[in-house]
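# Residue-level structure breakdown
Here is what each chain is made of, one letter per residue.
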Amino acid sequence: MRNLRKRENPDLQRSLFGEILDWMLAPLLFVWPISIAFTHYFANSVASFPYDQSLREHVTAISRQITFVEGRPQLALPGLAQVFLRSDEIDNVYFHLLNRDGRLIVGDSELPAPRNPAAWLKEEHSEVHFRDDEYRGQTLRVAYLYLFDADAQPASGVLIEVGETTEKRSQLANKIIASVILPQFVIIPLAVILVWFGLSQGLRPLTRLRDRIEARREADLSPIALRRVPEELRPLTEAFNAMLARMQQNVTAQRRFIADAAHQMRTPLTGLKTQAQLAMRETDPAELRHALGQILIGADRASRLVDQLLALARAEASGHSQQPLVAIDLDQLLREVVETWVVQALEKRIDLGYEAEDHVAILGNAFLLREMINNLLDNALRYTPTDGRVTARVIAQGDFALLEIEDSGPGISDEESLKVFDRFYRAEGTDGEGSGLGLAIVREIAELHQADASLRPKTRDAPEGSPPGCVARIVFPVYRRPPRILVPEPVQTGFA
């Protein structure tokens, strides 16, 4: 019943102890009635054997007392012998002799005769046979023997039958059944108790593991010791420890991020506060205007930092929520984003170019990809000097799509190229303003799209005397659209 309720309601809380107990006891309860049926069958067979032997001896004893005189059977059985034959305190014993035609020669006429006397001749001679019959509502066990005179012409014979009611057999069979079944009423409950106790002891490691987990403090993410963990629970414990390690890494990263963000926010806010205090003391309109301009610059920096923090948090949340990615035309998306930066590039007198191949598709999130490209272009324009060049391009290479932002800035060393993707890290010697979050956001979004992000020195040959520049590259797996399956139109037959 417990399993039936669980199948009807799969959300019902399941008990491992109950499941194991069910699977151990259910077969036992199923086999028990079968064992009772087999016990009843074999008990009846065992109980019948000695009484069948007694009937066989009676038939054999009577056959020894029969002689044939001129083909006629004669029974030399004294009256005392007949009384001894019938002497039984529990069952009734009957016997008679029948000739070849089925007529009674001597004995009890009420003893049922065979229903098919002609079948006597087919039975094996000198062998005692048995059959079950019924007389006055009582079951009889009948032993019979066909005895014939080979010297008579034609051969004549006599059928000897001894019948006995089956009360003694039933009593003996019941005693055998009782001697087997009654102990089971004690053994089976005892077995259930022992099984329950054994399961309770066997599942104690689970209880201890649960108690160890419940006793932990909320902030304790240390791994569970495997010293006393059973072998069957070791994979589960190792998986739980791996999850704790990932949680510890996430918590450490969040704490570091919060600390770094607080430190980065403190700088522009402190500057804003200082400029505001200076502006309140100024009486010269020119100096006051200058202080307000500094406040505006500080507010822009704080606003940019907050936007980047939110973008980074949004990218991390998208990675944890496993949002579905859709097919996106990367070259078209890049062209749209580049167009929004043309005005800013013109203000700095930077040649902003665009190179792309048509219809390069990837699986991605359009909002996050725009944020990633914006950060790459902002980084390139920020560190590219006046009259410099910034080129955005998409290149298709087999199963990969390359998104590159190339600039003519001061370049970067190989050692620095491995660190610039860390949060709040800024390369030494950079004069541009920034928080060190742009490339961290790029890496987070690239990992969400199963892409590889890198920043390296420009490898193309540059004109003599020009700065080396950098190339930011994102390598995406190309999305291959599944081929359309054309369903043929049904062919119309017949006449309109």
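For the structure given in this document, a descriptive report is provided here.

## Description of helix H8 (residues 330-340)
Within H8 the residues assigned to the buried category are Leu330, Asp331, Leu333, Leu334, Val337 and Val338. The buried side chains of H8 occupy one side of the element, clustering within an arc of 160° when seen end-on. In this structure, H8 carries Glu339 and Thr340 as exposed residues pointing more than 90 degrees from its buried face.

## Thoughts on the pattern of salt bridges
Tallying each qualifying case throughout the model produces 14 salt bridges. Arg169 is paired through a salt bridge with Glu164; the nearest N and O atoms lie 3.8 Å apart. Of the two residues examined, Arg169 and Glu164, each falls in the buried class. Here Arg382 ties to Asp378 by a salt bridge, and the two come within 2.9 Å at their closest N and O atoms. Within this pair, Arg382 and its partner Asp378 are both found in helix H10 (residues 366-383), separated by four residues, close to a single helical turn. Residues joined by salt bridges that share partners form a network here, namely Asp52, Asp132, Arg141, Glu164, Lys168 and Arg169.

## Description of the sheet that holds strand S13 (residues 452-457)
Pairing between the strands of a sheet comes from backbone hydrogen bonds, and it takes one of two forms, parallel or antiparallel. Strand order in this open sheet of five strands is S9-S11-S12-S14-S13, and the pairing throughout is mixed. Two strands lie at the open edges of the sheet, namely strand S9 (351-355) and S13, each paired on one side alone. In this sheet, adjacent strand axes meet at a mean angle of 15° when their direction is disregarded. Bridge count between strand S11 (residues 389-397) and strand S12 (residues 400-407): eight bridges; the pairing is antiparallel. Following the sheet pairing, Ala396 is matched in S12 by Ala401. Here H8 sits on the sheet in contact with S9, S11, S12 and strand S14 (470-477), set at roughly 170° to S11.

Reading guide: rules and limits
- Residues numbered from 1 in each chain as written.
- Predicted model: local features only at pLDDT ≥ 70, side-chain atom pairs only at ≥ 80, totals over all residues.
- Heavy atoms only, no water.
- Buried < 20%, exposed > 50% of the residue type's maximum accessible area, 1.4 Å probe, protein only.
- Helix = DSSP H or I, 4+ residues; strand = E, 2+ residues; numbered from the N terminus.
- Arc of directions from axis to C-beta.
- Salt bridge = Lys/Arg side-chain N within 4 Å of Asp/Glu carboxyl O.
- Pairing = 2+ DSSP bridges.
- Axes fitted to C-alpha atoms, helices over the stretch in contact; angles between N-to-C directions.
- Contact = heavy atoms within 4.5 Å.

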